[in-house]
Amino acid sequence: MPQDPTERRVVVTGPPRRTVPHARLRSRGRHPHSTGSYRPRTEIDEQTTLGHTYVRSLMRIQLRTGLTVFAVLALLVGPLPLVFAAAPDARLEWVVLGFGPYPPLVLLARWYVRRAERNERDFVRLVEDR
């Protein structure tokens, strides 16, 4: 029976786009073309375009987190000179400087660390394909 031309499969072969050291693959017990947690990590290790994209996405989200903290900090600390100019008492300035900035700084630092660790955990999950 002849096959319908629309049902035929075409296999395209060509030279491999990159070489994979087979000794390293055998030591891990994986086939070079197997799917799983090996591929993204290999892309990063071999510094391919895809690996560069993975790392760049992590750096971009970490930068966004840092800039968010900086913006919030600037909004909290930026108006302090206006508060000092409006305050007739010098004691108020010392009270504001002594006690005012530290609770928001601690909360911002805590949020930043938790967010950065979560970003890294998400990246590891992406790379390890879990």
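Conventions and cut-offs
- Residues numbered from 1 in each chain as written.
- Predicted model: local features only at pLDDT ≥ 70, side-chain atom pairs only at ≥ 80, totals over all residues.
- Heavy atoms only, no water.
- Helix = DSSP H or I, 4+ residues; strand = E, 2+ residues; numbered from the N terminus.
- Buried < 20%, exposed > 50% of the residue type's maximum accessible area, 1.4 Å probe, protein only.
- Contact = heavy atoms within 4.5 Å.
- Expected span 1.5 Å × (residues − 1).
- Patch = residues over 30% accessible without salt bridge, like charges linked within 9 Å, V, L, I, M, F, W, Y side chains within 5 Å.
- Areas by Shrake-Rupley, 256 points an atom, 1.4 Å probe, with all protein chains shown as cover.
- Salt bridge = Lys/Arg side-chain N within 4 Å of Asp/Glu carboxyl O.
- Axes fitted to C-alpha atoms, helices over the stretch in contact; angles between N-to-C directions.
- Parallel < 35°, antiparallel > 145°, perpendicular 65-115°, else oblique.
- Nonpolar A, V, L, I, M, F, W, Y, C, P; charged D, E, K, R; others polar.
- Polar contact = N/O pair within 3.5 Å; in protein donor to acceptor, adjacent residues only side chain to side chain.

Quick word on the overall build of the chain
- Scanning the chain for helices and strands turns up 6 helices and 0 strands.
- Every one of the 130 residues in the chain was classed for burial, and the buried ones make up 18%.
- Summarising the internal contacts of the chain: among those between residues at least 6 apart in sequence, 63% fall at separations of at least 24.

Quick word on helix α6 (residues 102-128)
- With 27 residues, α6 extends 39 Å from end C-alpha to end C-alpha; this agrees with the ideal 39 Å at 1.5 Å per step.
- All of the buried residues along α6 are Leu 108, Ala 116, Asn 119, Phe 123, Val 127 and Glu 128.

So, a nonpolar patch on the surface
- A grouping of Val 72, Leu 76 and Val 77 is seen on the molecular surface, where their side chains present a nonpolar patch of about 210 Å² in accessible area.
- Its place among the elements puts Leu 76 in helix α3 (residues 49-77).
- The exposure class of Leu 76 is partly exposed, given its relative accessible area of 43%.

Some details on the packing of α3 against α6
- Where α3 meets α6, the closest approach of the two axes is 10 Å, and the angle between their N-to-C directions is 170 degrees. Of the possible angle classes, the one that applies to α3 and α6 is roughly antiparallel. Seen from α3, the contacting residues are Tyr 54, Val 55, Leu 58, Ile 61, Gln 62, Thr 65, Gly 66, Thr 68, Val 69, Val 72, Leu 73 and Leu 76; seen from α6, they are Pro 104, Leu 105, Leu 108, Trp 111, Tyr 112, Arg 115, Ala 116, Asn 119, Glu 120, Phe 123 and Leu 126.
- Split by residue class, the contact of α3 with α6 holds 16 nonpolar, 5 polar and 2 charged.

Concerning α3
- The end-to-end C-alpha distance of α3 is 41 Å, a good match for the 42 Å that 29 residues give at a rise of 1.5 Å each.
- For α3, the full list of buried residues reads Gly 51, Tyr 54, Leu 58, Gln 62, Thr 65 and Val 69.

Brief notes about the side chain of Gln 62
- Topologically, Gln 62 is positioned in helix α3.
- Of the residues examined, Gln 62 reaches a relative accessible area of 17% and is grouped as buried.
- A polar atom in the side chain of Gln 62 sits 3.4 Å from the side chain of Glu 120.

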